[in-house]
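What the coordinates show
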Amino acid sequence: MSAVAQPRSGYPIGPLVPWLIGFLCLSYLVAIPIGYMAYDSLTDGGFTLAAYREFFDDPKLRVAMRNSLLVAAGVAVLSVLVGAPLAFGVARTNMRGKAIVSATMIVSLVSPDFLLAMAYIALAGPNVGYFNLALRRVFDLDIMSGPLNIFTLWGLIFTALPHGVSYVFLTLVPALRNVDPALEEASRVQGAGALQTLRDVTLPLMRPALMSGALLAFAGSLAMYGPPHMLRLNVLTISIRESLIRLDFKGASAASIILILMSLVALVVYRRSTRQAERFRTVGGKSFGGRDTDLGWVGHAFTALGIAYVLAALIVPYGGMLVISLMKSVGLGFSAGNWSFDNYRVVFADPAVRAAAQLSITLAASAATLVAILGFLVAHVVVRSKIPARSLLDYLSIIPLAVPGTALAIALAVIYLNPPLNMLGLYGSFGILFVAYITRFVTFGVRTSQSALIQLSPEFEEASRVAGANGLTTVGFITLPMMRQTFIYTWLLVFVLALPELSASIILKGIHTQTLSTVLLDIWNGNGGLAQACAFGMTMFVSVATILGAAAALSRKAGIRMGG
């Protein structure tokens, strides 16, 4: 009688090795740069708070902090007011155009925010914006400026709103679909009307998801750089870059730490609300999708809101950008003979654009590959191992969500411009951009792999070990093949997010390391003109949308749901 093989535990090279690799990588990418920046902001030959005192004594910086908070709060509140009804309409009613609204939400989330700002500047600029020209003509207004002005805080909130609405929508839709309808039916049996049931039953169940979406919108608005740069508004991310241009590293570090703390508060509240969400689950692992309610004429209101969102977030801005990109001269407007593809020819023939495209594609592809690998390693340790310190990796991997790209770039600039790492000569090189991109997007790799591993039953891996395979062989021949589609999906998602990255690139780029987004900013700032900038922007948008379509197709195969 042969002896039954006993399952081996852990890895053949020791259970702590994968944890140690993950810990060293995340410490190098996340903890060391931010920790050194905090140390640098608190020292000047000894411990001092001088940099922080100067920050709060500077009226311009105080205004920047106030503006950042006002914009972030405004985007969060309005995102809930627009995103929550849309999520309810898509998840629970018979509104029209659900697929279009859901697709627009995903496109809005991954398309570069500065493209939307650029489009609305062309349409609602106070002097020659096409909306203003049309309004003056229609209402016979004898004014040279306005009546619309996108160069305001309200304009910034408007251009940032589609991103925020997407956060709220994509957080709420799954939660709404997983509410047990028996609870609402019980309320109606007791005599409550539809509105009372919504107020007393549905909304309380949605509160954690609603708060999560609002806080993500808040943190995302704090971190944005492109729209306030184009609208020339004074917010913290802009002030941080201005401090660096003045070589005021202490001031830039202090402002970055304050910005990180503001984001970190939102992240901590988000994590707490996510944990609280566990208490609001009505039935675990069961979906109740497909129970649409016919609301009669009220359903048309949801449809109208969906149409307004799709128009404002997608069709009007990118349609306008497409039209302008085909004009020979923006000043000649819609006149006959003013149409040409010359702007696209100029953009594609520009050596600087081709070099930037090559660099951005290489950076995005390299970062996506390493993020997918590192994300799987960290997720596997967190989900599958029993190491007590595995939660440390989980916390380290989520910190980049609270670090705006501008603040991360300052941290990397500080650490690579000071001894001993200044000897590497990385500042302004491909290497420092590569490190920044991995750090910015490592959270996506870890979270996506964690979700897939949680859904993957460990029985397959246990059977492999019972058969005598060691941990590394089991991962290589059992786990990884089953994670293949998730791995490809993660790669495509990170690639599409990294390709137009701006906030870190604008600070870390060198003369020979211009990326697509920084070249677009140069063209926008006067090197090529509005029409060429729109041609460039449309090319980026179509590229991102095409890759996103591939990611969506793969996500369906992998069983991962994108959007509503």
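Residues numbered from 1 in each chain as written. Predicted model: local features only at pLDDT ≥ 70, side-chain atom pairs only at ≥ 80, totals over all residues. Heavy atoms only, no water.

A few words now on the overall build of the chain. Across its full length, the chain holds 24 helices and zero strands. Across the 564 residues in the chain, those meeting the buried criterion constitute 51%. The contacts of the chain with a sequence gap of at least 6 include a subset with a gap of at least 24, amounting to 78%. Carbon together with sulfur atoms contributes 66% to the accessible area of the chain, which is approximately 25,800 Å² in total. (Helix = DSSP H or I, 4+ residues; strand = E, 2+ residues; numbered from the N terminus. Buried < 20%, exposed > 50% of the residue type's maximum accessible area, 1.4 Å probe, protein only. Contact = heavy atoms within 4.5 Å. Areas by Shrake-Rupley, 256 points an atom, 1.4 Å probe, with all protein chains shown as cover.)

The next thing to look at is the pattern of salt bridges. A full pass over the atoms with the stated rule returns five salt bridges. Close ionic contact of K60 with E242 constitutes a salt bridge, the shortest N to O distance being 3.3 Å. Within this pair, whereas K60 is found in helix α3 (residues 59–92), its partner E242 is found in helix α11 (residues 236–245), the two being separated by 182 residues in sequence. The exposure class of K60 is partly exposed, given its relative accessible area of 45%. Of the residues examined, E242 reaches a relative accessible area of 30% and is grouped as partly exposed. (Salt bridge = Lys/Arg side-chain N within 4 Å of Asp/Glu carboxyl O.)

Before going further, it helps to examine unusual backbone geometry. Generally, phi is negative for residues other than glycine and the peptide bonds are trans, each holding for most cases. Cis geometry is found at the peptide bond from P419 to P420, where omega equals 0°. Within the fold, P420 resides in the loop between α17 (405–416) and α18 (430–455). Phi is positive for R232, close to 55°, though the residue is something other than glycine. Mapped onto the secondary structure, R232 falls in the loop between α10 (226–231) and α11. Positive phi, close to 60°, is recorded for L247, a residue that is not glycine. Looking at the element boundaries, L247 is found in the loop between α11 and α12 (249–277). For L247, a relative accessible area of 63% corresponds to the exposed category.

When you line up the elements, S68 lands in helix α3. A polar contact is formed between the side chain of S68 and the backbone nitrogen of L236, at a distance of 2.9 Å. Among all residues touching S68, those that are not within four sequence positions of it are L222, V235 and L236. (Polar contact = N/O pair within 3.5 Å; in protein donor to acceptor, adjacent residues only side chain to side chain.)

A few words now on the nonpolar core. Within the largest apolar cluster, 131 residues are counted, with the highest numbers of intra-cluster contacts made by L115, L508 and F536. If one sorts the elements of this core by residue count, helix α15 (residues 351–384) sits on top with twelve residues. With 26 residues, the next largest nonpolar core counts L86, V90, L161 and L205 among its residues. (Core = buried A, V, L, I, M, F, W, Y, C linked by side-chain atoms within 4.5 Å.)

The next thing to look at is the side chain of T474. Tracing the sequence through the fold places T474 in helix α20 (residues 471–482). Leaving out residues up to four positions away in the same chain, T474 has contacts with E461, S464, R465, A469 and T479.

Checked against the element boundaries, R177 lands in helix α7 (residues 153–177). Sequence separation between R177 and V90 is 87 residues; the distance between their C-alpha atoms is 9.7 Å.

Quick look at the packing of aromatic side chains now. Within this structure, the stated rule accounts for ten aromatic pairs. Centroid distance Y120 to F158: 4.9 Å. Interplanar angle 85°. Geometry classified as edge-to-face. On the criterion of sequence distance, the pair formed by Y120 in helix α5 (residues 113–124) and F158 in helix α7 is long-range, its members being 38 residues apart. Judged by its relative accessible area of 37%, F158 falls in the partly exposed class. (Phe/Tyr/Trp six-rings, centres within 6.5 Å; stacked < 30°, edge-to-face > 60°.)

What follows deals with a nonpolar patch on the surface. On the surface, V138, F139, L141 and I143 cluster together into a nonpolar patch covering about 380 Å² of accessible area. As for its position among the elements, V138 is in helix α6 (residues 130–138). (Patch = residues over 30% accessible without salt bridge, like charges linked within 9 Å, V, L, I, M, F, W, Y side chains within 5 Å.)

Attention now goes to helix α4 (residues 98–110). In this model α4 runs 19 Å from its N-terminal to its C-terminal C-alpha over 13 residues, within 8% of the 18 Å that 1.5 Å per residue would give. Within the span of α4, buried status applies to K98, V101, S102, T104, M105, I106, V107, S108 and V110. (Expected span 1.5 Å × (residues − 1).)

Mean pLDDT for the chain: 82, with 90% of residues reaching 70 or above. Taken together, the stretch residues 1–12 has pLDDT below 50 and engages in 16 contacts with residues farther than four places along the chain or on a different chain. Counted against residues more than four places away or in other chains, residues 280–287, with its pLDDT under 50, gives 14 contacts. (pLDDT = per-residue confidence, 0-100.)

So, about the packing of α5 against helix α13 (residues 297–325). Two elements in contact, α5 and α13, have axes whose closest approach is 9 Å; the angle formed by their N-to-C orientations is 70°. Here α5 is positioned roughly perpendicular relative to α13, judged by the angle of their axes. Both α5 and α13 take part in a crossing whose hand is left-handed. Contacts between α5 and α13 involve L115, L116, M118, A119, Y120, A122 and L123 from the first element and L311, A312, A313, V316, P317, Y318, G320, M321 and I324 from the second. For the contact of α5 with α13, a count of residues per class yields 15 nonpolar, one polar and no charged. (Axes fitted to C-alpha atoms, helices over the stretch in contact; angles between N-to-C directions. Parallel < 35°, antiparallel > 145°, perpendicular 65-115°, else oblique. Left-handed = near helix turned anticlockwise from the far one by under 90°. Nonpolar A, V, L, I, M, F, W, Y, C, P; charged D, E, K, R; others polar.)

This brings us to the packing of α3 against α11. Relative placement of two packed helices is described by the angle separating their axes and the distance separating the axes. Where α3 contacts α11, the axes come no closer than 8 Å and their chain directions differ by 145°. Only L236, S239 and E242 of α11 make contact with α3, whose side of the interface consists of K60, L61, A64, M65 and S68. Classifying every residue of the contact of α3 with α11 by side-chain character gives four nonpolar, two polar and two charged.

Right, let's get into the environment of I238. Relative to the elements of secondary structure, I238 occurs in helix α11. With residues near it in sequence (within four places) discarded, I238 still touches Y225, P228, H229 and L233.

Attention now goes to helix α14 (residues 342–349). Residues of α14 that are buried include every one of N343, Y344 and V347, and no others. Along α14, the residues classed as buried sweep out an arc of 95° about the axis, all on the same side. (Arc of directions from axis to C-beta.)

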